[in-house]
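Below, each chain spelled out in residue letters.
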Amino acid sequence: MARRSLGGVETNYLSKAMSQDLRYALRLLVHSPGFFLVAILTLALGIGANTAIFSVVHALLLRPLPYPEADRLVMVWQDLSEGGGRSDEWATPGNYFDWRNARDLFAGVTAVQGWQPTLTGLGSPEPLTGEQVTSDYFDVLRIQPAIGRGFRSDDMVPKAPRVAVLSHALWQRRFGGNPAVLGTTVMLGGEPHEIVGVMAAGFRPAVIAVSELWRPRQLDAANPARGAVILRVVARLQDGLPYGQAQSAATLLARQLEQAHPDFNAGIGIRVVPLQDQVVGGYRLALLVLLGAVAFVLLIACVNIANLLLARASARNREMAVRLALGASRPRVIRQLLTESVLLAAVGGAVGLLVGAWGIAGLTAIAPAGAPRVNEIGLDWTVLAFSAALTLITGIAFGLIPAVQASRPRAVSSLRDGTRSDAGASGRRARRTLIVVEVGLALVLLVGSGLLMRTLVRLQGVELGFEPAGVLVGAVLPPQVKYPTGAARIAFYDRVLERVSALPGVEKAAISSVVPLGGGDNDMDVHVEGRPVPRTPVEATTTWYRLVSAGYFDAMGIGLRSGRGIAPREAEPVVVVGETAARRYWPGEDPLGRRVRFGTSPDAPWFTVVGVADDVRMAGAREGTRVEMYLPYWHFPEAGTNVVLKTGGDPIRLAEAVRQAVREIDPDMPVSGITPMDALVARSIAQSRFIALLSAAFAGLALSLSAIGIYGVTSYTVALRTGEIGVRMALGADRGDVFRLVVGEGLKLAALGSLIGLGAALALSRSMATLLFGIAPYDPVTFAATTAVLLAVALLAGALPAGRATRVDPAVALRAE
């Protein structure tokens, strides 16, 4: 009982002591409003920026995908890297069925193909984006429709009645959220579909994130195609199978399939990638770099506040001396000072949450189009816990060194002599060390930001191979049910070209199956005349092809290196090749007049090369040029094309006129994705711009905080050395000598910090290599320029207090001593 009582007394004593410390800390902060506001704003910016960026990192990288046991889901790719091809090639239907049968590896396998139907019969036609999936799609994800049913195996049989499942958003938007929609028939892509289910509001599509509806992909399991690479495959690993073993088992399966189907699978491996990595992999490094940048900003803020507290501790030197002289223990003094710093951090953290909420809203508003899981970013409990922990750690981090310095027993000497001591040489060393650290951190941020900004400039200056100014593009997708033959599609495209060419403001008009930066592309095997016929997929020569009309090169601003373009409706099969294709297939030779055959049929016609066009960066400035060829669309009239218009003014003004022109031909035919090419170019580098601008903002904040820190230390040093400066001036030192003395001290600290920062930047910049373009991670121009900027700012920060020092009156300074 005595022990419990003693423990209770001790707990009560500590509680009262903490309460006293807290009340005293509050009084001190209230009586120092200037210090309080500066510290709170500094902390709020640092904690708020970290909260905002962490919320993005948490949503994209740390939070599991919204499926049960999401860590077991993987993407499965055909791996063609053995033959120098892609390691993430789509799958053939034949391989999908073979992979589905590998029950020791996969608990379930589903395949996905893009689908772009037009919803008609319910008012204005609307182009939609969806997924055609195999019947086990929802089973593999382990999520079923909220109302109705998913798909059955008989839905997947060729020529089975069409059924569809709607997203919650589409159900609300076009059907008013009416449950009676189940069992009704709607027209999608010109075909009747029975609505059998509706997904829940939070459902996330597995592959195509913007999908709003799903239907079964009808495949012939008895005789699946083995040469058509059309499917993206998602699988669920068997329970208990580690990822490393899964990849080994997939490699073994690939070898077995190679033996079983040598004509189609020779040299083709299988690559397994966690679905989480597949969804956000392209953003992982960028987000980690930004998280590191805001962490550096917070460290710099902590350094600044620690310096402020050190200076404030010197002003409170007599107070600390009295406490120690009256018997207060050193831990008691440290606890009091840490209570003040943690309270300061708590208020800064609370304001920082508001800054973080604003930052999250701003980040989601300016996030690049297509960024994954943006709708999941927000202030949830995990982010709040992170912010609270960060606030506590920050308060201890910036308060510990000043608390230890202020509680040293030597402070009692200041009580005896009555001086306003600077806590000795150790206090000065602590402040100078912190400034060196601050400058080093700032330089690392400046170098990283400089590299990213130079990358952005290089990306904006890349020659794309076409002229985007004044060009408008939009897709028309005639359904095969309504336009079942090539002749019907050719007639439709001819009429579209005729109508849009006559629109006021249109200078040139053309069509193309794909457009640069449009996000899609098509490839096909090609046989070059005079070379052996490929026998396996690895030996096959693949080229990217575009089906275009006459005038496409003029409308898109693509130059011709030699020969000519495609003439209007010329009957002879001709082809225009890109520069890369010309170099690869006819190195050192003139490709004009040479012939190629497309596809694998020996009866396919030979196409004669009539021109060589400039290479076009179809996938953006970061991507290299491709082996590409341009064919007349009337030889391969696919079910879908893009209208390309060269205009004399703002191209977007023609958008409604284009829609109306197509509606006059077919009232049920919308034009989707009408966009100026300038917007597509901007979108292609949106991620790089987003990262560069954010890093520049953080680097600017770090530079400002560093300048404030140097200014504060220099000003405080001048105040402490007023007597020394008076003596120097009394003994004959001129104002220039004093100015150089004061500025030189700040520059020495900045120079030492810069040297440390350069070493750290050299080490860390290599990790950013994949984010850069056109410059090396150790780019000397960036390193030199950022160092010069930092030293210039340090010079300016030290010049203001140095100017005040030169105006010291020696007599006044000596009397003050």
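Residues numbered from 1 in each chain as written. Predicted model: local features only at pLDDT ≥ 70, side-chain atom pairs only at ≥ 80, totals over all residues. Heavy atoms only, no water.

## Some words on the overall build of the chain
- Each helix and strand in the chain was counted, giving 23 helices and 23 strands.
- Taking all 817 residues of the chain together, 51% fall into the buried category.
- Considering only contacts in the chain between residues 6 or more positions apart, those separated by 24 or more positions represent 81%.
- Total accessible area on the chain stands at roughly 35,900 Å², and carbon and sulfur atoms take up 60% of it. (Helix = DSSP H or I, 4+ residues; strand = E, 2+ residues; numbered from the N terminus. Buried < 20%, exposed > 50% of the residue type's maximum accessible area, 1.4 Å probe, protein only. Contact = heavy atoms within 4.5 Å. Areas by Shrake-Rupley, 256 points an atom, 1.4 Å probe, with all protein chains shown as cover.)

## Digging into the side chain of Ser-672
- Here Ser-672 shows up in strand S23 (residues 672–676).
- For Ser-672, the residues in contact, after removing those within four places along its chain, are Pro-127, Gly-474 and Ala-475.

## Quick notes on the pairing of strand S22 (residues 641–647)
- Counting buried positions over the seven residues of S22 gives seven, a clear majority of the element.
- Judged by which residues are buried, S22 turns out to be covered on both faces: Thr-641, Val-643, Leu-645 and Thr-647 on one side and Asn-642, Val-644 and Lys-646 on the other are all buried.
- Inspection of the sheet shows strand S13 (residues 471–476) paired to S22 by six bridges, in the antiparallel sense. Along S22, the bridge assignment pairs Val-476 with Thr-641.
- Of the pairings in the sheet, the one linking strand S14 (residues 506–512) to S22 comprises six bridges and is antiparallel in character. By the bridge assignment, Ala-510 is partnered in S22 with Val-644. (Pairing = 2+ DSSP bridges.)

## Concerning the packing of helix H14 (residues 486–501) against helix H17 (residues 655–665)
- In the contact formed by H14 and H17, the axes pass within 10 Å of each other and the chain directions differ by 140°. On the basis of their axis angle, the class for H14 and H17 is oblique. Considering only the axes of H14 and H17, their crossing is right-handed. Between H14 and H17, the residues in contact are Phe-492, Arg-495, Val-496, Arg-499 and Val-500 and Val-658, Ala-661, Val-662, Glu-664 and Ile-665, respectively.
- The residue makeup of the contact of H14 with H17, split by class, is seven nonpolar, no polar and three charged. (Axes fitted to C-alpha atoms, helices over the stretch in contact; angles between N-to-C directions. Parallel < 35°, antiparallel > 145°, perpendicular 65-115°, else oblique. Left-handed = near helix turned anticlockwise from the far one by under 90°. Nonpolar A, V, L, I, M, F, W, Y, C, P; charged D, E, K, R; others polar.)

## Thoughts on the packing of aromatic side chains
- Considering all chains together, one arrives at 18 aromatic pairs under this definition.
- The interplanar angle of 70° and the centroid separation of 6.4 Å between the aromatic rings of Phe-138 and Trp-214 together place this pair among those described as edge-to-face. Linking Phe-138 in helix H4 (residues 137–141) with Trp-214 in strand S10 (residues 213–216), this pair joins segments that are 76 residues apart in sequence.
- Phe-138 gets classed as buried once you look at its relative accessible area, which sits at 1%.
- Relative accessible area serves as the criterion here: at 1%, Trp-214 is assigned to the buried category.
- Ring plane angle 80° and centroid distance 6.5 Å describe the contact between Phe-598 and Phe-636, whose orientation is recorded as edge-to-face. One end of the pair, Phe-598, is in strand S19 (residues 595–598); the other, Phe-636, is in the loop between strand S21 (628–632) and S22, and 38 residues separate them in sequence.
- Given the relative accessible area of 5%, Phe-598 is considered buried.
- Among the aromatic side chains, those forming a connected cluster through ring pairs are Tyr-137, Phe-138, Phe-151, Phe-203 and Trp-214.
- The ring of Trp-544 has Arg-626 sitting right over it, with the charged end atom 4.4 Å from the ring centre. (Phe/Tyr/Trp six-rings, centres within 6.5 Å; stacked < 30°, edge-to-face > 60°. Lys NZ or Arg CZ within 6 Å of the ring centre and 35° of its normal.)

## A closer look at the environment of Glu-467
- Looking at the element boundaries, Glu-467 is found in the loop between helix H13 (424–460) and S13.
- Along the chain, Glu-467 and Ala-555 lie 88 residues apart, while their C-alpha atoms are 8.9 Å from each other.
- Non-local contacts of Glu-467, meaning those with residues more than four positions away in its chain, are made with Met-556 and Gly-557.

## Comments concerning the pattern of salt bridges
- Enumeration over the complete set of coordinates arrives at 28 salt bridges.
- Across the salt bridge formed by Glu-126 and Arg-173, the nearest N and O atoms sit 2.7 Å from each other. With Glu-126 in strand S4 (residues 126–127) and Arg-173 in helix H5 (residues 168–175), this pair connects stretches of sequence that are 47 residues apart.
- Of the charged contacts, one joins Glu-628 and Arg-546 as a salt bridge, the two residues approaching to 3.0 Å between their closest N and O atoms. One end of the pair, Glu-628, is in strand S21; the other, Arg-546, is in strand S16 (residues 542–548), and 82 residues separate them in sequence.
- The exposure class assigned to Arg-546 is buried, which follows from its relative accessible area of 0%. (Salt bridge = Lys/Arg side-chain N within 4 Å of Asp/Glu carboxyl O.)

## Topic: the nonpolar core
- Formed by 162 residues in total, the largest nonpolar core has its most connected members in Tyr-67 and Met-556.
- Counting residues per element, this core draws most heavily on H13, which supplies 14 residues.
- Those residues in contact with Tyr-67 that lie beyond four places of it in its chain are Leu-73, Leu-141, Ile-143, Phe-203, Arg-204, Pro-205, Ala-206 and Leu-275.
- Residues Val-109, Leu-219, Ala-235 and Leu-253 belong to the second largest nonpolar core, which totals 25 residues. (Core = buried A, V, L, I, M, F, W, Y, C linked by side-chain atoms within 4.5 Å.)

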